Amino acid sequence: DTLQSQLINMGVIPTLVKLLGIHCQNAALTEMCLVAFGNLAELESSKEQFAYTNIAEELVKLFKKQIEHDKKEMIFEVLAPLAENDVIKLQLVEAGLVECLLEIVQKTVDSDKEDDIAELKTASDLMVLLLLGDESMQKLFEGGKGSVFQRVLSWIPSNSHQLQLAGALAIANFARNDGNCIHMVDNGIVQKLMDLLDRHVEDGNVTVQHAALSALRNLAIPVVNKAKMLSAGVAEAVLKFLRSEMPPVQFKLLGTLRMLIDAQAEAAEQLGKNIKLVERLVEWCEAKDHAGVMGESNRLLSALIRHSKSKDVIRTIVQSGGIKHLVTMATSEHVIMQNEALVALALIAALELVTAEKDLENAQLVQILHRLLSDDRSAPEIKYNSMVLICALIGSEPLQKEVQSMAFLEVVSKLRSHENKTVAQQASLTEQRLAVES
C-alpha cells in the first residue's frame, strides 16, 4: 500500500494514462498499463487522480477494440474499482461504456459457454454499479424515455437469473428519487416486478427475491404511489414470502410492507388483522442474530397500530404476544423507534387498555416510562409521549397503582420547567391528572 501511495504521489497515474493513449496499438505495453491500473485503482486516493485524466475515454476506446475474452476481462478488472467513484461513473457513461455493456449482454444472453456467462455477469454487474451514482443514473434514466432504461426493463422478464437480478437492482437504483418512482409506477413497472417475484416464490433465487423486493420498497416511498401499488396487489405478492427463512429477504419484505401502509389506514387494518403475518412478526421480533430483521419487525408492528388506529388490529397483536416487543422497542437506542413504540402504546392504552392491561403490566411498562422521564438524555418527544402514555395508563386499576407507587409526580413536576414548551405544557397537564387520581 505504501509503495502504491508513493507512486500516486509522484504523479504516475496521468503519465500511464497518457502512455495508454499514445501506444494503444502496442499490445504488450497496453497490457502492462492495465496491470498497473488494476493495482492502483483499489486505492481511494488514486480514484481522485484518475478522475482528472481521460482514463474513461481511453479504457472505453480500448474495450471496443477487444475480441478476446481475457483482454476484456483485464479491462473489466480496472473498470470495476474505478466505477466506484461518482465522477468516473459519469465519465464512463459519457464515454459510451453503457452501449458496450448492453451489446455484450445482447451477444451473451443466450449462450451457455462459460466465458460468455462470465462476461454477461460482469457486464450486467458493472451496469448496476454505474447506476449507483446520482448523476450517471439520471443521465441514463432520461425522464424514463432513455433507451438504456428501456433495455434494462427488458431484462426483468428474461430467462437468465443474472439478468433478472441486474434488471431488478437497476430499477431499485433508478427508484432513488420521487420523480423517477412516480414515472415508473405510472408506466407499469410494478406488474413486471410482481411477475418476476411470482417466478421465484417456490424455491426461488434468493438474490432475485431480494432485488425485486428492494425495487418495490423504493417505489413505495412517494405518497402518491402507495395506493396505486396497494390496488395493484403488491402487499399480497410480498406476503407470499412470509415463509422465507432468508434474513435479507425477510428484511426487504418488512421494509416494503412498512412503506406501503404509511398513512394508508385501510391497508394497515387489513394487514394488522392478518394473524399469520402478525405471528410471523412477533417471531421475527426475537431474531437476536439479525438486528435488521428484528428492528424492522418491531417497526412494522408499531406501524400497523399507528396507521390503522384499529381495535381489531390491537386485539390481534395482543393475542399474538406482540405487546412485550413494543414495550422493549420503547427502550431502543434509536429515538425514531422509541417514539414509534410510544405512539403505538398510547393508542393501545387509549383504545384497548383492558385487553392489553396484563401484557403491559408483565412487560413492566410503567417502570420503563419512569426511567425514560427521569433520564436527562431522553429526547423531548420521548418525554412528551411518555407522559401522554402515563395519562392513558391511569385508566387501568393495576397500572394506576404502579404509577402511584413510583413517585411519578416528583419527576413530572421537574419537567414543568423544561426548555421545550410542549414538554413543559404536557408536564403541567400530567401533574394535574396524577394529582386528581391520587
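In the annotation of an unreviewed UniProt entry, the entry for the protein reads GDS1 protein, and the organism field reads Sula dactylatra.

## With respect to the domain arrangement of the protein
Parsing the protein into structural domains produces domain 1 (262–352) and domain 2 (364–437). Between domain 1 and domain 2, the C-alpha centre-to-centre distance is 22 Å. Taken together, the eleven residues of domain 1 in the interface contact 14 residues of domain 2. Buried area between domain 1 and domain 2, both sides added, is near 970 Å², and the carbon and sulfur share of it is 79%. Of the residues forming the side of domain 1 that touches domain 2, the biggest block, eight residues, is contributed by helix H24 (residues 335–351). Among the residues making up the side of domain 1 that touches domain 2, the classes are represented as eight nonpolar, three polar and no charged.

## Comments concerning empty space enclosed by the protein
Tallied over the entire structure, the rule returns one cavity of 30 Å³ or more. If you add up the space inside the largest cavity, you get close to 30 Å³. Together, Leu-20, Cys-24, Glu-58, Lys-61, Leu-62 and Lys-65 line the largest cavity. Considering each element in turn, the lining of the largest cavity owes the most residues, four residues, to helix H5 (residues 55–65).

## Some thoughts on a negative patch on the surface
Judged by side-chain charge, Glu-68, Asp-70, Glu-114 and Asp-115 come together as a negatively charged surface patch. Counting through the fold element by element, Glu-114 comes out in helix H9 (residues 114–130).

## Focus: the side chain of Gln-400
With respect to the helices, strands and loops of the structure, Gln-400 is situated in helix H28 (residues 397–405). In contact with Gln-400, other than residues within four places in its own chain, are Leu-393, Ile-394 and Glu-437.

## Quick look at the nonpolar core
If you look at the biggest cluster of nonpolar residues, it comprises 156 residues, and the most contacted ones within it are Phe-37, Phe-50, Leu-360 and Leu-393. When sequence neighbours within four positions are dropped, the list of residues in contact with Leu-360 reads Ile-323, Val-327, Leu-345, Leu-353, Leu-365, Leu-393 and Leu-399.

## Examining the UniProt feature "repeat: ARM" (unreviewed entry) in the protein
UniProt records the feature "repeat: ARM" (unreviewed entry) for residues 188–220 in the present numbering. Within the segment residues 188–220, helix and strand shares are 76% and 0% respectively, and the terminal C-alpha atoms sit 14 Å apart.

## Here we look at the packing of H5 against helix H6 (residues 69–82)
Taken N-terminus to C-terminus, the directions of H5 and H6 make an angle of 155°; their axes are 10 Å apart at the nearest point. Classified by the angle their axes make, H5 and H6 are roughly antiparallel. Crossing of H5 over H6 shows left-handed handedness. Of the residues in H6, those touching H5 at Ile-55, Leu-59, Leu-62 and Phe-63 are Lys-72, Ile-75, Phe-76, Val-78, Leu-79 and Leu-82.

## Some details on the pattern of salt bridges
Summed over the entire model, instances satisfying the criterion amount to 25 salt bridges. For Glu-44, the salt bridge goes to Lys-47, with nearest N and O atoms at 3.3 Å. Taken together, the residues span about one helical turn, with Glu-44 and Lys-47 both in helix H4 (residues 44–51) at a distance of three residues. Residue Glu-44 is classed as exposed on the basis of its relative accessible area, which comes to 51%. Judged by its relative accessible area of 2%, Lys-47 is buried. A salt bridge links Asp-312 to Arg-315; its shortest N-O distance comes to 2.8 Å. Taken together, the residues span about one helical turn, with Asp-312 and Arg-315 both in helix H22 (residues 311–319) at a distance of three residues. What makes Asp-312 partly exposed here is its relative accessible area of 33%. Among the charged side chains, a salt-bridge network with shared partners connects Glu-44, Lys-47 and Glu-84.

## With respect to the packing of aromatic side chains
Applying the stated criterion across every chain yields a total of five aromatic pairs. On the basis of an interplanar angle of 65° and a centroid distance of 4.8 Å, the ring pair of Phe-141 and Phe-149 is categorised as edge-to-face. In terms of burial, Phe-141 and Phe-149 fall into one category: buried. Among the aromatic residues, ring-to-ring pairing joins Phe-141, Phe-149 and Phe-174 into one connected group.

## A closer look at helix H21 (residues 291–308)
When the terminal C-alpha atoms of H21 are compared, their 26 Å separation across 18 residues agrees well with the 26 Å that a helix rising 1.5 Å per residue should span. The buried count for H21 comes to 15 of 18 residues, which makes it a mostly enclosed element. Just beyond H21, the residue with positive phi is Lys-309, at close to 45°.

## Quick word on the packing of helix H15 (residues 206–219) against helix H18 (residues 247–261)
Between H15 and H18, whose axes approach to 9 Å, the crossing angle comes to 20°. Taken together, H15 and H18 sit at an angle that is classed as roughly parallel. Crossing hand, H15 versus H18: left-handed. Across from Val-206, Gln-209, His-210, Leu-213, Ser-214, Leu-216 and Arg-217 in H15, the residues of H18 making contact are Pro-248, Val-249, Lys-252, Leu-253, Gly-255, Thr-256 and Met-259. Within the contact of H15 with H18, the residues separate by chemical class into seven nonpolar, five polar and two charged.

## Notes on unusual backbone geometry
Despite not being glycine, Lys-309 shows a phi value in the positive range, around 45°. Tracing the chain through its elements places Lys-309 in the loop between H21 and H22. Non-glycine residue Gln-364 carries a positive phi angle of around 60°. By the secondary structure assignment, Gln-364 is in the loop between helix H25 (353–362) and helix H26 (365–374). Judged by its relative accessible area of 45%, Gln-364 is partly exposed.

Procedures and definitions
Residues numbered from 1 in each chain as written. Predicted model: local features only at pLDDT ≥ 70, side-chain atom pairs only at ≥ 80, totals over all residues. Heavy atoms only, no water. Domains from an automatic or database assignment. Contact = heavy atoms within 4.5 Å. Buried area = accessible area lost by both parts, 1.4 Å probe. Helix = DSSP H or I, 4+ residues; strand = E, 2+ residues; numbered from the N terminus. Nonpolar A, V, L, I, M, F, W, Y, C, P; charged D, E, K, R; others polar. 1 Å grid on protein atoms, 1.4 Å probe; cavity = no way out; pocket = protein on both sides within 12 Å on 5 of 7 lines; lining within 4 Å. Points joined across faces, edges and corners; volume = space filled by probe spheres on them. Patch = residues over 30% accessible without salt bridge, like charges linked within 9 Å, V, L, I, M, F, W, Y side chains within 5 Å. Areas by Shrake-Rupley, 256 points an atom, 1.4 Å probe, with all protein chains shown as cover. Salt bridge = Lys/Arg side-chain N within 4 Å of Asp/Glu carboxyl O. Lys, Arg positive; Asp, Glu negative; His and termini not counted. Charge placed at Lys NZ, Arg CZ, Asp CG, Glu CD. Core = buried A, V, L, I, M, F, W, Y, C linked by side-chain atoms within 4.5 Å. Buried < 20%, exposed > 50% of the residue type's maximum accessible area, 1.4 Å probe, protein only. UniProt positions renumbered as here; feature names shortened; annotations may be inferred. Axes fitted to C-alpha atoms, helices over the stretch in contact; angles between N-to-C directions. Parallel < 35°, antiparallel > 145°, perpendicular 65-115°, else oblique. Left-handed = near helix turned anticlockwise from the far one by under 90°. Phe/Tyr/Trp six-rings, centres within 6.5 Å; stacked < 30°, edge-to-face > 60°. Expected span 1.5 Å × (residues − 1).

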